[in-house]
Amino acid sequence: MAFTEKEIQIWHTEKQKREYREETAFKSEPIAICIHCDKPFGFDEGMVTEDVAICYICAD
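Residues numbered from 1 in each chain as written. Predicted model: local features only at pLDDT ≥ 70, side-chain atom pairs only at ≥ 80, totals over all residues. Heavy atoms only, no water.

(A) Expanded view of the confidence of the model for the protein chain. Within the protein chain, residue pLDDT values average 86, and 87% of them lie at 70 or more. For the protein chain, helix α2 (residues 23–28) is the element with the lowest average pLDDT, namely 61, and strand β4 (residues 53–55) is the one with the highest, namely 94. (pLDDT = per-residue confidence, 0-100. Helix = DSSP H or I, 4+ residues; strand = E, 2+ residues; numbered from the N terminus.)

(B) Structural context of the state of the cysteines. Applying the stated criterion to the full structure yields zero disulfides. Sulfur of C58: no disulfide; nearest cysteine sulfur belongs to C55 and is 3.6 Å away. (Disulfide = S-S within 2.5 Å.)

(C) Structural context of unusual backbone geometry. Positive phi values are uncommon outside glycine, yet D38 reaches one of about 60°. Taking relative accessible area as the criterion, D38 reaches 58% and is therefore assigned exposed. (Buried < 20%, exposed > 50% of the residue type's maximum accessible area, 1.4 Å probe, protein only.)

(D) Representation of the nonpolar core within the structure. Residues A32, C34, F41, A53, I54 and C55 constitute the largest nonpolar core, which totals six residues. The element contributing the most residues to this core is β4, with three residues. (Core = buried A, V, L, I, M, F, W, Y, C linked by side-chain atoms within 4.5 Å.)

Now the structure itself:
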């Protein structure tokens, strides 16, 4: 059974909705506070270990 062009378009639109994630909101949320400068940093802006959390600006 073949799909109509309209059914294919609806399926494709729904698939894009399911697979789309807004990465900027996730990465920009603070996850820790830097031990050196006391500023919160996001997911890809620093390192968090068992002992310390430090942003990449202070780590350099």
